[in-house]
Amino acid sequence: MIEKLVQLYQKHRDVIPYLFWGVAATVVNLVSFYLLDRYTNLNYVINYSIAWVITVLFAFYTNKYFVFHNQHHSTKEFWYQLATFFAGRFLTFIIGAGILMVGVSILKFDSSLGKNLVNVVQNIVVIILNYFWAILISFRKKENSSH
């Protein structure tokens, strides 16, 4: 039984820190979005965009160093990782913005509470998609790294 648990942990050892830092990134996103929504007169999509940039920068460094323990061996490799990370996050940004727009503009969750609840839902979807992008593309372990 213990051996099976250890094997399961070894197989998915990146998931636990990813979930921890994913929750931390979600908190960064939710707090940023809330503060922007509360203290600016900007459109919610602009607030979402600003919160997204802050969150992606936070997530890149926490994923790179604390989740995947990934070291780059050249400047080119670092920029590859950063570019692919942002590209993946941009794709999920579009998905998240779509969820937010549907929830707020179409389904009319347009109160402050409603916007923030829709933002929680989109964050859950985005976290799952981002994990797979990170392990399959940005921080993929390579036998022969050409980056």
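Since the model is a prediction, treat every value here as computed from it, not as a measurement.

How each quantity is defined
- Residues numbered from 1 in each chain as written.
- Predicted model: local features only at pLDDT ≥ 70, side-chain atom pairs only at ≥ 80, totals over all residues.
- Heavy atoms only, no water.
- Helix = DSSP H or I, 4+ residues; strand = E, 2+ residues; numbered from the N terminus.
- Buried < 20%, exposed > 50% of the residue type's maximum accessible area, 1.4 Å probe, protein only.
- Polar contact = N/O pair within 3.5 Å; in protein donor to acceptor, adjacent residues only side chain to side chain.
- Contact = heavy atoms within 4.5 Å.
- UniProt positions renumbered as here; feature names shortened; annotations may be inferred.
- Core = buried A, V, L, I, M, F, W, Y, C linked by side-chain atoms within 4.5 Å.

Undergrad: Quick question: what am I supposed to make of the side chain of Asn 123 here?
TA: Looking at the element boundaries, Asn 123 is found in helix 5 (residues 112-138). Relative accessible area serves as the criterion here: at 7%, Asn 123 is assigned to the buried category. A polar contact of 2.8 Å, which involves the side chain of Asn 123, links it to the backbone oxygen of Asn 119.

Undergrad: Even after reading the chapter, I still don't get helix 5, so can you show me in this structure?
TA: Because each turn of an α-helix spans 3.6 residues, side chains separated by three or four positions end up pointing in the same direction. By the burial criterion, the buried members of helix 5 are Gly 114, Lys 115, Asn 116, Val 118, Asn 119, Gln 122, Asn 123, Val 126, Asn 130, Tyr 131, Ala 134 and Ser 138. Of the surrounding secondary structure, the elements contacted by the buried residues of helix 5 are helix 2 (15-39), helix 3 (44-67) and helix 4 (75-106).

Undergrad: It is not clear to me how the UniProt feature "transmembrane region" (unreviewed entry) in the protein chain should be interpreted in this structure. Could you clarify?
TA: Using the residue numbers shown here, the UniProt feature "transmembrane region" (unreviewed entry) corresponds to residues 15-36, 42-61, 82-107 and 119-139. Helix and strand shares over residues 119-139 are 95% and 0% respectively, and the end C-alpha atoms of the span are 27 Å apart.

Undergrad: How should I be thinking about the nonpolar core in this particular structure?
TA: Looking at soluble globular proteins, one finds that nonpolar side chains tend to be buried together. Grouped together as the largest cluster of nonpolar side chains are 24 residues, with contacts concentrated most on Phe 33, Tyr 48, Phe 60, Phe 68, Phe 85, Leu 100 and Phe 139. Of all the secondary-structure elements, those providing two or more residues to this core are helix 2, helix 3, helix 4 and helix 5. A per-element tally of this core places helix 3 first, with eight residues.

Undergrad: I'm lost on unusual backbone geometry in this one. Help?
TA: Among all residues save glycine, negative phi is the norm, and among peptide bonds the norm is trans. With a phi close to 45°, His 69 is a non-glycine residue in the positive phi region. Within the secondary structure, His 69 is located in the loop between helix 3 and helix 4. In this structure, Lys 108 takes a positive phi of about 65° despite not being glycine. Inspection of the secondary structure assignment puts Lys 108 in the loop between helix 4 and helix 5. Using a relative accessible area of 55% as the deciding quantity, one classes Lys 108 as exposed.

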